[in-house]
Amino acid sequence: MTTVAAQVTPLDAAPPAGRQRWVERFAGLGFAAPAFILLVLTNLAPLAALAFLSFTNYELGALDFSFVGFKNFGAALQDPVIRRSVTNTLLYVAIVVPGGVLISLLVAILIHQRKRTRSLYEVIYFLPVTSTLIAMATMWQFLLHPTLGLINQALKGLGFAETAFLSEPRLVIPTLAAIGIWQLVGFNMVLFLAGLSAIPRDLYEAVDIDGASHPIDRFLKVTWPMLGPTTMFVTVTTFITAFKIFDTVAVMTRGGPGGASEVLLYAIYLEGFQYFHMSYAATLTLVFLAFTLVFSVLQTFILDRRVHY
Amino acid sequence: MRRLVSLALVHAVLIGGAVFMLLPFVFMLTSAIKPPGEIFEATFRLWPRQFYGWQNFESALSTAPLLRFLLNGLIVCGGILVVQLLVAIPCAYALAKLKFPGRPILFSLVLLGLCIPVQAPSLPLYIAFAELGILNTYLSMMMPFFLSVFAIFLFRQFFKSYPDEIIQAARLDGVGEFEIVWRIVVPSAWPAIAAFSIFSVVAHWNDLYWPLIVVSDTKLATPPLGMMYFADSELGSNYGALAAGATIITAPLVIAFLIARRHFLAGITMTGIK
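Rules used in this analysis
- Per-chain numbering applies: the sequence of each chain, read as written, is numbered from 1 onward.
- Chains carry letters and ligands carry numbers; both start at the beginning, A for chains and 1 for ligands, and go up in the order they are written.
- For a predicted model such as this one, the threshold for reporting local features is a pLDDT of at least 70, and the threshold for listing and counting side-chain atom pairs is 80 or more; totals across whole chains, interfaces and linings nevertheless cover every residue.
- Where side-chain values are given, they derive from all heavy atoms of the structure, hydrogens and water being excluded.
- Secondary structure is summarised from DSSP: a helix means a run of H or I of at least four residues, a strand means a run of E of at least two, and numbering begins at the N terminus for each.
- All radius of gyration figures rest on C-alpha atoms, and the globule criterion is 2.2 Å times the number of residues raised to 0.38.
- For every residue, the accessible area (1.4 Å probe, protein chains only) is compared with the maximum for its type, and the residue is labelled buried under 20%, exposed over 50%, or partly exposed between those bounds.
- The criterion used for residue contact is that any of the two residues' heavy atoms lie within 4.5 Å.
- Using the Shrake-Rupley algorithm and a 1.4 Å probe, accessible areas are obtained, with residue cover drawn only from the displayed protein chains.
- When charges are counted, Lys and Arg contribute as positive and Asp and Glu as negative, whereas His and the chain ends are disregarded.
- Positions of charges follow a simple convention, taking NZ of Lys, CZ of Arg, CG of Asp or CD of Glu.
- UniProt positions are given in the numbering used here, feature names are shortened, and annotations may be inferred rather than shown by experiment.
- Whether two aromatic rings pair depends on their centres lying within 6.5 Å, for rings of Phe, Tyr and Trp, where Trp uses its six-membered ring; planes under 30 degrees apart make the pair stacked, over 60 edge-to-face, and the rest tilted.
- Sitting over a ring, as applied to charges here, requires NZ of Lys or CZ of Arg to be within 6 Å of the ring centre and within 35 degrees of the ring normal.
- Cavity and pocket criteria rest on a 1 Å grid covering protein atoms alone: a 1.4 Å probe that fits but cannot get out defines a cavity, protein on both sides within 12 Å along at least 5 of 7 lines defines an open pocket, and an atom within 4 Å of a point defines a lining residue.
- Grid points are joined across faces, edges and corners, and a volume is the space filled by probe spheres set on the points.
- For every residue, the predictor states its confidence as a pLDDT score lying anywhere from 0 to 100.
- Joining two parts hides part of their accessible area as seen by a 1.4 Å probe, and the buried area is that hidden amount summed over both.
- A carboxyl oxygen of Asp or Glu within 4 Å of a side-chain nitrogen of Lys or Arg is what we treat as a salt bridge.
- The term polar contact refers here to a pair of N or O atoms within 3.5 Å; inside protein, the definition further demands a hydrogen-donor-capable atom paired with an acceptor-capable atom, and it admits residues adjacent in sequence only when both atoms are side-chain atoms.
- Ten residues, namely Ala, Val, Leu, Ile, Met, Phe, Trp, Tyr, Cys and Pro, are considered nonpolar, four, namely Asp, Glu, Lys and Arg, are considered charged, and the remaining ones, Gly among them, are considered polar.

We now examine the overall build of chain A. Tallying secondary structure elements over chain A gives 14 helices and zero strands in all. Computed over C-alpha atoms, the radius of gyration of chain A comes to 26 Å, more than 25% over the 19 Å expected from 2.2 N^0.38 for 309 residues, which places it beyond the range of a compact globule. Across its three principal directions, the C-alpha atoms of chain A cover 90 × 75 × 35 Å. Counting over 309 residues, chain A shows a buried share of 50%. Considering only intrachain contacts with a sequence separation of at least 6, the fraction spanning at least 24 residues in chain A is 64%. Only carbon and sulfur atoms are counted for the fraction: they give 67% of the accessible area of chain A, which is about 14,100 Å². Distance between charge centroids for chain A: 4 Å, based on 19 positive and 17 negative side chains.

Rendered as structure tokens:
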């Protein structure tokens, strides 16, 4: 391609337009080819295989398999583990999304107005995003220990009863959700800070002239509407992130106690990569994909309109 | 007076949140230098009565190949990033600036790819890797991420605003398309490339799911997977050593962030996606 392109010089007698079109076609196809091949290999073909597998009874290592129609889907609907996983995942999402969005919005607004301390708070709140969640989850496990943990000691000091955050079935998902929010807030905060600094100052001045100088008025009349697109984007990405909960469950609870923290991705991991029930795991992956797809499409749609460098 | 009260209130909220954010970090650092008996004492103290840091870090480093985990993380993240850039940049340039057959279809596929979570193709990829006998290799850890549709998308947006006149002038000077991409357009796209690189490294350095699936050999473990093995091992009950190990695993990226704070935050803002 390089050589072909190099031949195009202003000295050529032929009008360059026609030749240029050929150069662009060659170069374009050549430049796009590696990406296209990888896209097929790592995305499109696996997705097709996934759909195919879900209608079979294939297991890893099996020489033979047959089509079973919707049997896997039926089994998933009946499976108490999968039902629990879906309910638990939805509960986790239902806590992490509002928590992760509203807290980061509040933090961003408060930090945005700081002058001298802004960067210090920024660093502190962003720190969990860069940290390796597995290592920090281990530390959370210590902190939350029912008898020895620092958090319980503090609670006891305040006169509360000992709480088994990770082994009490009703508390385990909310506890994991709190850790999820802990990891997420800094990321969302940075996006909100970017949104806040894009709001023109004269809008606030205009509201001041209108006589609405109370902070809540300013928030409702200017900040909130102007942050609309950012809020939408942050909400959608938080949804997707929350649906993917895996790390904390894998290292802290392994679905316990008694299935109270089974989540969708962890169930897929167990069925597919621990028990090697490939076709069943493929079916569950399609269920997972169905849950995330709506938000993924929304995210791409927003991203396409939002990115304009 | 009212200003002062509201200022105090704002800082109270922010400091309260900051304590919650820093809690596991502070606990990790102090536990890493405490002897076993002091870690779970009823009264929490930042500095131990008896400094036990050397012993903790020594037993962490001698029990698990922690430095090896970090090296693995470096190899995997570096390999992924290099291929991602080599593949995505020309493709993005072609989508932004060249007219070639199939361009609309390819762009639709890129948009479709943005909607697919990485966990979706993992099962067929695992089966394929098992059949090919390449599980437990660096290649199997990196391969699924070689193509980043997000990189293509991001760079395409960036390249689109690059002036056509400059490209046209270069062509008239006889510069080939290949050189136009790598020597003329890419240098102008450094902010986008840096932003994407940060995003990519943070994501893959901390990823547990895929390494957990394809790696069973401890020697190949990335930092998160290594941390998981480490916590499961007999050392799991030696809390001081465990905290020291967690510190070693967490340190590289956190230190990188503290040094290149501005770039990190700008990078996350620009890539704005997870």
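Right, let's talk about unusual backbone geometry for a bit. Residues and elements named next belong to chain A. Here the residue pair Gly256 and Pro257 is connected by a cis peptide bond, since its omega of -5° sits within 30 degrees of zero. Among the secondary structure elements, Pro257 is positioned in the loop between α12 (247-253) and α13 (264-274). Even without being glycine, Arg254 reaches a positive phi, approximately 50°. For Arg254, the position within the fold is in the loop between α12 and α13.

All names here are of chain B. UniProt's entry tags residues 7-27, 69-93, 105-129, 141-159, 180-205 and 239-260 with the feature "transmembrane region" (unreviewed entry), counted in the numbering of this structure. Secondary structure across residues 105-129 divides into 72% helix and 0% strand, with the first and last C-alpha atoms of the span separated by 28 Å. Taken end to end, residues 141-159 is 68% helix and 0% strand, and its first and last C-alpha atoms sit 30 Å apart.

This paragraph deals with the packing of aromatic side chains. One pass over the structure, following the stated rule, counts 34 aromatic pairs over all chains. Here the aromatic residues Phe246(A), Tyr266(A), Tyr269(A), Phe273(A), Phe276(A), Tyr126(B) and Tyr209(B) are joined through ring pairs into a cluster of three or more. Between Arg25(A) and the ring centre of Trp22(A), over which it is positioned, the NZ or CZ distance is 5.6 Å. Just above the ring of Phe107(B) sits the side chain of Arg156(B); from NZ or CZ to the centre is 3.9 Å.

In this section: empty space enclosed by the protein. All names here are of chain B. Applying the stated rule across the entire model yields three cavities of 30 Å³ or more. Forming the walls of the second largest cavity are Val76, Ile80, Met141, Phe145, His204, Asp207, Trp210 and Pro211. When contributions to the lining of the second largest cavity are tallied by element, the ones reaching two or more residues are α4 (66-97) and α12 (209-214).

Moving on, we get to the UniProt feature "transmembrane region" (unreviewed entry) in chain A. Residue and element names in this part refer to chain A. This chain's UniProt record puts "transmembrane region" (unreviewed entry) on residues 29-55, 90-111, 123-143, 171-194, 226-246 and 280-303. Here residues 90-111 is 100% helix and 0% strand, with 31 Å between the C-alpha atoms at its ends. Secondary structure across residues 123-143 divides into 90% helix and 0% strand, with the first and last C-alpha atoms of the span separated by 22 Å.

Another aspect to go through is the confidence of the model for chain A. Residues and elements named next belong to chain A. For chain A, per-residue confidence averages 87 on the pLDDT scale, and 94% of positions sit at 70 or higher. Mean pLDDT values over the elements of chain A span from 44, in helix α1 (residues 2-6), up to 95, in helix α4 (residues 80-112). This model gives residues 1-15 a pLDDT under 50, and the stretch forms 22 contacts once residues within four places in sequence are excluded.

Each partner contributes to the interface: chain A provides 102 residues, whereas chain B provides 100 residues. Counting the surface lost from both chain A and chain B, the interface buries some 9,300 Å², and carbon and sulfur atoms represent 77% of this. Where chain A packs against chain B, one counts two salt bridges. Across the salt bridge formed by Arg261(B) and Glu122(A), the nearest N and O atoms sit 3.6 Å from each other. Inspection of the chain A/chain B interface yields eight residue pairs in polar contact (both at pLDDT 80 or more). Each residue belonging to the side of chain A that touches chain B can be placed in one class, and the counts come to 72 nonpolar, 21 polar and nine charged.

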